[in-house]
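Spelled out from the first residue to the last, the chains are:
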Amino acid sequence: MDKKLYITTAIPYVNGTPHIGNALDYLLADIWTRYQKQNGHEVRFQVGTDEHGNKIAAKAAAAGLDPQGYTDQMYVNFEALMKRMEASYTDFVRTTDIHHIQSVQYLWQVLQPYIYKGSYEGWYCVGCESFVSDKEATTNGGICPDHQQPYQHLSEENYYLKTSAFTDRVRQSITDDELKIVPEFRKKEFLELIKDGLQDVSISRPKKNLSWGIPVPGDPDQVMYVWLDALANYITVLGYPDNSDWQQYWPADVQVVGKDILRFHAGIWPAMLLGAGLELPKKLLVHGHVNVGGAKMSKTVGNVVDPIEVINDYGLDAFRYYFSRHIPTLDDGDFTWEKFENSYNTELANDLGNLIRRVSGMIGRYQAGVIGVAPQGEHDMSAYHEAMEKLEFNRAIDEVWLMVRSLNQYIENVKPWEIAKKATTDADAKAHLNDVLAYAVGALLQIGDLLVPFLPTTAATIHKTFESGVIVDTEVLFPKIYKHTADPNANRA
RNA sequence: CGCGGGGUGGAGCAGCCUGGUUAGCUCGGAUGGCUCAUAACCAUCAGGUCGUAGGUUCAAAUCCUACCCCCGCAACCA
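Residues numbered from 1 in each chain as written. Chains lettered and ligands numbered in written order. Predicted model: local features only at pLDDT ≥ 70, side-chain atom pairs only at ≥ 80, totals over all residues. Heavy atoms only, no water.

Peer 1: Is there a simple way to explain the layout of surface pockets in this structure?
Peer 2: Vacant regions in the atomic arrangement are exposed by a probe of water-molecule size rolled over the atoms. One number sums up the size of the second largest pocket: a volume of about 210 Å³. The wall of the second largest pocket is formed by 16 residues, among which Arg357, Ser360, Thr465, Asp473 and Thr474 lie closest to the centre. Listed by contribution, the elements that provide at least two residues to the lining of the second largest pocket are α14 (337–367) and α19 (456–466). Examining the composition of the lining of the second largest pocket, we find that six residues originate from one element, α14, more than from any other. By residue class, the composition of the lining of the second largest pocket is five nonpolar, eight polar and three charged. (1 Å grid on protein atoms, 1.4 Å probe; cavity = no way out; pocket = protein on both sides within 12 Å on 5 of 7 lines; lining within 4 Å. Points joined across faces, edges and corners; volume = space filled by probe spheres on them. Helix = DSSP H or I, 4+ residues; strand = E, 2+ residues; numbered from the N terminus. Nonpolar A, V, L, I, M, F, W, Y, C, P; charged D, E, K, R; others polar.)

Peer 1: I tried to follow the nonpolar core on my own but got confused; where do I start?
Peer 2: Grouped burial of nonpolar side chains is what soluble globular proteins tend to show. Judged by nonpolar contacts, the single largest core of 98 residues is most densely connected at Phe323 and Phe466. Residues in contact with Phe466, not counting those within four places in the same chain, are Ile356, Val359, Ser360, Ile371, Val441, Leu444, Leu445 and Ile471. Counting 55 residues, the second largest nonpolar core, distinct from the first, contains Phe166, Val201, Ile214 and Val257. (Core = buried A, V, L, I, M, F, W, Y, C linked by side-chain atoms within 4.5 Å. Buried < 20%, exposed > 50% of the residue type's maximum accessible area, 1.4 Å probe, protein only. Contact = heavy atoms within 4.5 Å.)

Peer 1: Is there a simple way to think about the side chain of Arg186 in this case?
Peer 2: Turning to its location among the elements, Arg186 is positioned in helix α7 (residues 184–193). If sequence neighbours within four positions are ignored, Arg186 has contacts with Ile181, Lys259, Leu262 and Val286.

Peer 1: Whenever I open this one, α19 confuses me. Can you help?
Peer 2: Two residues of an α-helix separated by three or four positions point the same way, owing to the 3.6 residues in each turn. Most of α19 sits out of view: eight of its eleven residues are buried. Listed in full, the buried residues belonging to α19 are Pro456, Thr458, Ala459, Thr461, Ile462, His463, Thr465 and Phe466. Its buried side turned inward, α19 meets α1 (20–38), α13 (316–326), α14 and α18 (427–451).

Peer 1: Help me understand the sheet that holds strand β9 (residues 180–182) in this model?
Peer 2: Two strands in a sheet stick together by hydrogen bonds in their backbones, pointing the same way (parallel) or opposite ways (antiparallel). Pairing in this open sheet of six strands is parallel, and the strands run β3-β2-β1-β13-β14-β9 from one edge to the other. Taken across any chain shown, the strands that pair with only one partner, and hence form the sheet edges, are β3 (91–94) and β9. Averaged over neighbouring strand pairs, the angle between their axes works out to 20° when direction is ignored. (Pairing = 2+ DSSP bridges. Axes fitted to C-alpha atoms, helices over the stretch in contact; angles between N-to-C directions.)

Peer 1: Sorry if this is basic, but what is going on with the environment of Lys299 here?
Peer 2: Among the secondary structure elements, Lys299 is positioned in the loop between β15 (290–292) and α12 (307–314). Using a relative accessible area of 67% as the deciding quantity, one classes Lys299 as exposed. Counting along the chain gives 137 residues from Lys299 to Val436, while the straight-line C-alpha distance between them is 54 Å.

Peer 1: How do you make sense of the packing of aromatic side chains when you look at a structure like this?
Peer 2: Given two aromatic rings, one states the distance between the centres and the angle between the planes to describe the pair. Following the criterion strictly, the structure yields 27 aromatic pairs and no others. With a centroid separation of 5.8 Å and an interplanar angle of 75°, the aromatic rings of Trp250 and Trp269 are classed as edge-to-face. With Trp250 in the loop between α10 (246–249) and β13 (254–258) and Trp269 in helix α11 (residues 262–275), this residue pair connects regions lying 19 residues apart in the sequence. The same class applies to Trp250 and to Trp269, which are both buried. The residue whose ring lies beneath Arg94 is Tyr75, and the NZ or CZ to ring-centre distance is 3.8 Å. (Phe/Tyr/Trp six-rings, centres within 6.5 Å; stacked < 30°, edge-to-face > 60°. Lys NZ or Arg CZ within 6 Å of the ring centre and 35° of its normal.)

Peer 1: Please explain the environment of Trp417 as it appears in this structure.
Peer 2: On the secondary structure map, Trp417 appears in helix α17 (residues 416–423). Here the alpha-carbon distance between Trp417 and Gln148, two residues 269 residues apart in the chain, equals 76 Å.

Keep in mind these numbers describe shape, not what the thing actually does.
Okay, structure coming up:
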């Protein structure tokens, strides 16, 4: 019996609203999950929110709320996005969950042999109540831009995790693909990054500087800093350590992360796991970032794209389509409303939507909607499955579109409308027509199967339309939309 | 010499690792065909010194060297 499968996504910090990056995480994990389920596997799919830290406390105070009340309000936004995307997650973890907190405290104790007390020195802003990096202090000329106060050079007591002790094992695991970093160039990049070894990482703060966090067991003056708290979610959500279920799922088969947080997931996280005597995840799927018209998406520039808006305007499957096909799974991608709308109108509407319509239309017109027995689609899909295994989802969906095109070509070559003219008087022609259309239906049903992980709603519509042997009328898929591009027919006579 | 990615017809990409048919695909453009369909679909054509300069080879977009340019990252921002 196969191990039960487990996939995770990064847990976003809840001090803002969900953005495209979060959506991409959920989408990629969801595609994988649906694909594995389709192949008969049981999959657990974790999502969650990171809810501790000073920024949260500050935002809460500004909103006149206590931190817990604030996060209770904020995490809902993320949950709403996941639901809107129909991400088929099974577990939602909040780092303020009581089980998570207890579990992390337990983990801290397990890691005791690798934890030591040290002091941290750096530039500190009293207004922000936090340290800033040397680089940031220098950039700002030694003055905090938010508070117009000079940074002070302070030192404070921290607990450190001896990640350096695990450098060799982490490096070895990654090199050997025991912990496989996908794509390959990210693996190279990370190995290069740690060529001088992993550096011990500070995992706590004095309580006076960090109030909103998990208390360090046995030291009332210290509170855990983000690392242990947030990264541990991947196992605490499974019930670690008290509910033995977790052992059926850990190690994770795939952990989806953005390129910006690879270093924590490939460095600190493995060190934590090794320190606790746990297995390393099998794969890290490192996706890129979504640019807008070639520029980085940023709040200050004001070019942020809200995934909910895209879904509202074009529908869920249109969103899932663009972000799975035109944003390369393992690299940066580009979004513009024009590109999006263009691919929607040409690929979804013209290629696929119209194809479904013309096939169902002919069957309705020539055979009163009766399909007969559709043969099994026989298209060789090894390239599709190979791409799915390699986590190159965009390549897989490309393969589906090759099928769409070839079916359109097939129809063009066979010309069912001509056969139909003879079919009224010629029994052979009638049988031939039936075969041709049934073949088209078989191909469409196969396309529908392959789209299940990507476009679940569309796949369901395709099946509903054709699978009963009689055409079931369904709504037009992907009607044309011209909100951001010119309507070519606008000035048609 | 910090690290990584990339420079291929108007745009976006594949091919490069494992050199070898007329350098492939999508979008866009032109022409034609068809009429079942969401004025959709299909075919053909135009267009590329494969960043630059050398080298290896019977043969290089593909391997080697140097250089130019663009983009990320450089430790706590998907």
